[in-house]
Amino acid sequence: MVRLVSALGLVMFSVALLILSLISYVSIKKDFLQGGGPRYGQGGGPRMYMLHAGFRERAPHKPGLSSQLALKYLDPAFVPVGSALTEDLLNSSKWRFNHSAFVQQREEMAQYIDVPQNFSLVRGSVRVGQLMHYDYSSHKYVYSIGENFHSLLPEASPILHRHYNRCAVVGNSGILTGSKCGAQIDTFDFVFRCNFAPTEVFKKDVGRMTNMTTFNPSILEKYYNNLLTVQDRNNFFLSLKRLDGAILWIPAFFFHTSATVTRTLVDFFVEHRGKLKVKLAWPGNIMQYIKQLLEDQAAVAQAPEHGILMYTLASSVCEQIHLYGFWPFGWDPNTGKELPYHYYDKKGTKFTTKWQESHQLPAEFKLLYKMHTEGLIKLSLSHCA
């Protein structure tokens, strides 16, 4: 009898769960069909920087429709991106540089931050033993400036009094795969790159010229095994040697989790002092100024992604900025084919939405697209050849 009652109870519980699931499904489906998209809390639709789920993991066969759906989840007001992409981004001849608007924005940014002066710590700006805090970690975490670190700092900012006419900022999106944009990128006066991305094997698509590249300390762990073996150290040395006299911009004070890697880097550079031509730049707490700027302009929340960060740096020394490789979706708007997350990912690597956990790339793309339509930047998505 007890077993019969238990069995009946289990059946009733299962039926109740099934009914609740059906009710939830019908409710969500109804909201989507009637509301045209996900519902938001008080205040209506999200601000442009907010990130929402709902992006496709599989590459769609109709890029125009899919781009509308993907970005509709980001912001319902941003629906007509499919046709806009076709007209504005894939037809580069119609884009016009708005010099006056660019200069005005640069002047507004200068009120928040002097980029050339804050581009890197210099020997005269910090002292041995000084404690540095982190931009995105609790204030309790600190890094003590040691003699070796201090000796690696430049005497002056590497971009102080530098000015360039046309600059390219090259991201690492898979959209560069097969783009044949390398020759075009190499024609710019100054080329910014992101996170020490490889170029030699992919030069037809991304070019070879590098004047500055960022270097997230996590790269050392991910690609160079924290320099634990002789082979790891040799590989890292050869990669640095290819940069020749380029600037290696190392944001050591973003997160406290990079402290150990920073010390490993410092030891390595001291060991190889005089053997490499690469110019080291170690930004201090530059992000506190950039964050304030973006928050006041309601641009992005949390940590700005590479596109916005690189634009902020480039705008201080460049008169015109073209962006390549900034596309946050797993399909090519030119062909509809699947794309890898990075252009240098191994062949067959599937695009994943895991980056949504720590990045807000679609939100950044919307902001970059807006800047493109206003003539502030040239956002290139089409193939170059």
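Quick look at the structure, then. (Residues numbered from 1 in each chain as written. Predicted model: local features only at pLDDT ≥ 70, side-chain atom pairs only at ≥ 80, totals over all residues. Heavy atoms only, no water.)

**Some remarks on unusual backbone geometry**
Here comes step 1: The phi angle at Phe196 is positive, at roughly 60°, despite the residue not being glycine.
Here comes step 2: Inspection of the secondary structure puts Phe196 in the loop between β4 (190–193) and α8 (203–206).
Here comes step 3: Among the residues examined, Phe196 registers a relative accessible area of 11% and is labelled buried.
Here comes step 4: The phi dihedral of Leu227 is positive, around 60°, even though this residue is not glycine. (Helix = DSSP H or I, 4+ residues; strand = E, 2+ residues; numbered from the N terminus. Buried < 20%, exposed > 50% of the residue type's maximum accessible area, 1.4 Å probe, protein only.)

**Here we look at the packing of helix α10 (residues 230–242) against helix α11 (residues 259–271)**
Here comes step 1: One way to put it is that α10 packs onto α11 with a least axis distance of 12 Å and a crossing angle of 70°. On the basis of their axis angle, the class for α10 and α11 is roughly perpendicular. Note on element contacts: α11 touches α10 through Leu265, Phe268, Phe269 and Glu271, opposite Arg233, Phe236, Phe237 and Leu240.
Here comes step 2: Here the contact of α10 with α11 is composed, by residue class, of six nonpolar, no polar and two charged. (Axes fitted to C-alpha atoms, helices over the stretch in contact; angles between N-to-C directions. Parallel < 35°, antiparallel > 145°, perpendicular 65-115°, else oblique. Contact = heavy atoms within 4.5 Å. Nonpolar A, V, L, I, M, F, W, Y, C, P; charged D, E, K, R; others polar.)

**Examining the sheet that holds strand β3 (residues 164–170)**
Here comes step 1: With parallel pairing, the seven strands of this open sheet are ordered in space as β7-β6-β5-β4-β3-β8-β9. Edge strands, defined here as strands with exactly one partner in the open sheet, are β7 (279–281) and β9 (378–380). The sheet shows a mean angle of 20° between the axes of neighbouring strands, taken without regard to direction.
Here comes step 2: Alignment of strand β5 (residues 212–214) against strand β6 (residues 247–249), held across three bridges, turns out to be parallel. Its bridge partner lying in β6, Thr213 is registered against Leu248.
Here comes step 3: On the sheet, helix α13 (residues 306–314) packs against β3, β4, β5, β6 and β8 (318–324) and is oriented at approximately 145° with respect to β5. (Pairing = 2+ DSSP bridges.)

**Overview of the environment of Arg106**
Here comes step 1: Among the secondary structure elements, Arg106 is positioned in helix α4 (residues 99–110).
Here comes step 2: A polar side-chain atom of Arg106 sits 3.3 Å from a polar atom in the side chain of Glu319. (Polar contact = N/O pair within 3.5 Å; in protein donor to acceptor, adjacent residues only side chain to side chain.)

**What to know about helix α12 (residues 287–296)**
Here comes step 1: All buried positions along α12 are accounted for by Met287, Ile290, Leu293 and Leu294. Along the axis of α12, the buried residues cluster in a sector spanning 125°; they form a single face.
Here comes step 2: Summarising the contacts, the buried residues of α12 are in contact with α4 and α13. (Arc of directions from axis to C-beta.)

**Focus: the side chain of Ser239**
Here comes step 1: Within the element layout of this structure, Ser239 appears in helix α10.
Here comes step 2: Accessibility expressed as a relative area gives 16% for Ser239, which makes it buried.
Here comes step 3: At 2.8 Å, the side chain of Ser239 forms a polar contact with the side chain of Tyr224.
Here comes step 4: Sequence-distant contacts of Ser239, that is, excluding residues within four places in its chain, are made with Phe196 and Tyr224.

**Quick word on α13**
Here comes step 1: α13 sits mainly inside the fold: eight of its nine residues count as buried.
Here comes step 2: Listed as buried for α13 are Gly307, Ile308, Leu309, Met310, Tyr311, Thr312, Leu313 and Ala314.

**Remarks on the state of the cysteines**
Here comes step 1: Applying the stated criterion to the full structure yields two disulfides.
Here comes step 2: Across the disulfide from Cys181 sits Cys384; the S-S distance is 1.9 Å. Its S-S torsion of approximately 85° makes the covalent link between Cys181 and Cys384 right-handed. Taken together, the residues Cys181 in the loop between β3 and α7 (182–185) and Cys384 in the segment after β9 connect sequence positions 203 residues apart.
Here comes step 3: Exposure remark for Cys181: the relative accessible area of 2% places this residue in the buried category. (Disulfide = S-S within 2.5 Å.)

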